[in-house]
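Results of the structural survey
Chain by chain, the residues:
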Amino acid sequence: EAGGAALGRAADKLFSLSGLFAVRKPKGPTSAAVLNLLKERLLAEAGVQTNGNKRNQVLKIGHGGTLDSAATGVLVVGIGKGTKMLGTMLAGSKKYTAIGMLGKATDTLDATGKVTEEKPYDQVTKGDLENVLQKFTGDIMQVPPLYSALKKDGERLSTLMKRGEAVEAKPARPVRVYSLSLQQFQPPLFTLDVECGGGFYVRSLVNDIGKELCTCATVQELTRTKQGPFTLEEHALHEDKWTIDEIARSLEHCTALLPGGPSRKKLKTEHSGETAVICE
């Protein structure tokens, strides 16, 4: 009996959670898979049967912007009424640290893809790289990758590509880069810090930088270090903290960060290239 009462309280607490928090997405799974795992964990902890039970439909949960399978870092999660606030997260600014590799191009623009091109890169100097970065700062036009969560006729481009269907590149669209800096250069590897607005693809950036340097380049590692006010160090819950109590504590802590505060202005972006992200 006592066990049942405790589970009942856990379930009540779970279904009363509302707001935004952040988890640390590991490398490997898709953002949707991470969300499903989180949901399963929480429902299991609350003792809610998910097979055939309508109650699990009630746990509303979504994420505020897809991270590639191979990427790690901040994934903003909305729970309860918080799911309605995810749109502002998509449009807000994000920070990434990316390790790029010169001399190789792949079909996915990252290390998970097939190598499509190899070119010499030994002519590229640190100065060349730093100069090129200026061209990619501010309001720029960017062609999104073919392997992406963007949709054509309701299906993700990445799904169509994997099926072997011919996919036309989406047209270039305006994106905003607030800052872009070179952190390290050890050829063929280079490390960038990027702060950008909504709808921006770091994979496209690295690919474009390679072309601009008369070679090619692909993303080796990508970490989202910040999304809106949520930082990887301070706010992103590791997998061992995906519990009802930890999330409740995190929601309390994170409510203070959300718009309504003075940081709101900086997060607004002028253009809405943010349809890329779907909450599952």
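Just so we're clear, the structure is a prediction, and the values are computed from it rather than from any experiment.

So, about the overall build of the protein chain. Within the protein chain, the regular secondary structure consists of 9 helices and 14 strands. Expressed as a percentage of the 280 residues in the protein chain, the buried residues total 48%. Restricting to contacts in the protein chain with at least 6 residues of sequence separation, those with at least 24 account for 74%. As presented, the protein chain carries roughly 13,900 Å² of accessible surface, and 52% of it is formed by carbon and sulfur atoms.

When you line up the elements, Asn 207 lands in helix α6 (residues 202-212). Those residues in contact with Asn 207 that lie beyond four places of it in its chain are Leu 109 and Ala 217.

On to the pairing of strand β10 (residues 173-186), then. Summarising the sheet, strand β7 (residues 138-142) and β10 pair through 5 bridges and their orientation is antiparallel. Note on β10: the bridge partner recorded for Asp 139 is Arg 176. Hairpin connection of β10 to strand β11 (residues 189-196): 2 residues between the antiparallel strands.

On to helix α2 (residues 31-45), then. The end-to-end C-alpha distance of α2, which contains 15 residues, comes to 21 Å, matching closely the 21 Å that a straight helix rising 1.5 Å per residue would cover. Residues of α2 that are buried: Ser 31, Ala 32, Val 34, Leu 35, Leu 38, Leu 42 and Leu 43. Viewed end-on, α2 has its buried residues packed into an arc of 165°, placing them on one side of the element. The exposed residues of α2 that point more than 90 degrees off its buried face are Glu 40 and Ala 44. In the segment just after α2, Gly 47 is the residue with positive phi, at about 70°.

A few words now on the environment of Ala 256. Along the polypeptide, Ala 256 turns up in the loop between α8 (244-255) and α9 (264-267). A residue is classified by how much of its surface remains accessible, and Ala 256, at 71% relative accessible area, is exposed. Separated by 27 residues in the primary sequence, Ala 256 and Pro 229 place their C-alpha atoms 9.9 Å from one another.

Among the structural elements, Thr 231 can be located in strand β13 (residues 230-231). Those residues in contact with Thr 231 that lie beyond four places of it in its chain are Val 74, Thr 225, Lys 226 and Ala 236.

Quick look at the pattern of salt bridges now. Applying the stated criterion to the full structure yields 10 salt bridges. Between Glu 212 and Lys 135 there is a salt bridge; the shortest N-O distance is 2.7 Å. Separated by 77 residues along the polypeptide, Glu 212 in helix α6 and Lys 135 in helix α4 (residues 126-135) bring together distant segments of the chain. In this structure Glu 212 comes out as partly exposed when scored by relative accessible area, which is 35%. On the basis of relative accessible area, Lys 135 is assigned to the exposed category, the value being 54%. The network of salt bridges with common partners includes Glu 155, Arg 163 and Glu 165.

Turning to the environment of Phe 230, a few remarks are in order. As for its position among the elements, Phe 230 is in strand β13. Once the C-alpha coordinates of Phe 230 and Val 23 are considered, the two residues, 207 residues apart in sequence, prove to be 9.6 Å apart. When residues no more than four places from it in sequence are discounted, the contact partners of Phe 230 are Leu 20, Phe 21, Ala 22, Val 74, Val 76, Met 89, Thr 225, His 235, Cys 254, Leu 257 and Leu 258.

The rules behind each value
- Along each chain, residue indices are assigned from 1 in the same order as the chain's sequence is written.
- Per-residue local features are limited, in this predicted model, to residues with pLDDT of at least 70; the limit for side-chain atom pairs, both in listing and counting, is 80 or more; totals at the level of whole chains, interfaces and linings are taken over all residues.
- Neither water nor hydrogens contribute to the side-chain values; these are computed over all heavy atoms in the structure.
- By the criteria applied, helices consist of DSSP H or I runs no shorter than four residues and strands consist of E runs no shorter than two, each listed in order from the N terminus.
- Buried, partly exposed and exposed residues are distinguished by accessible area as a fraction of the type maximum, computed with a 1.4 Å probe on protein chains only: under 20%, between the cut-offs, and over 50%, respectively.
- Residue contacts are defined here by distance: any two heavy atoms, one from each residue, within 4.5 Å place the two residues in contact.
- With residues, only the protein chains shown are counted as cover, and all accessible areas are computed by Shrake-Rupley using a 1.4 Å probe.
- Here the rule is simple: two strands pair whenever DSSP picks up at least two bridges between them.
- Take the number of residues in a helix, subtract one, and multiply by 1.5 Å to get its expected span.
- This arc describes the spread of directions from the helix axis toward the C-beta atoms.
- The salt bridge criterion pairs a side-chain nitrogen of Lys or Arg with a carboxyl oxygen of Asp or Glu, the two atoms within 4 Å.

Function cannot be read off these values alone, since they describe shape.
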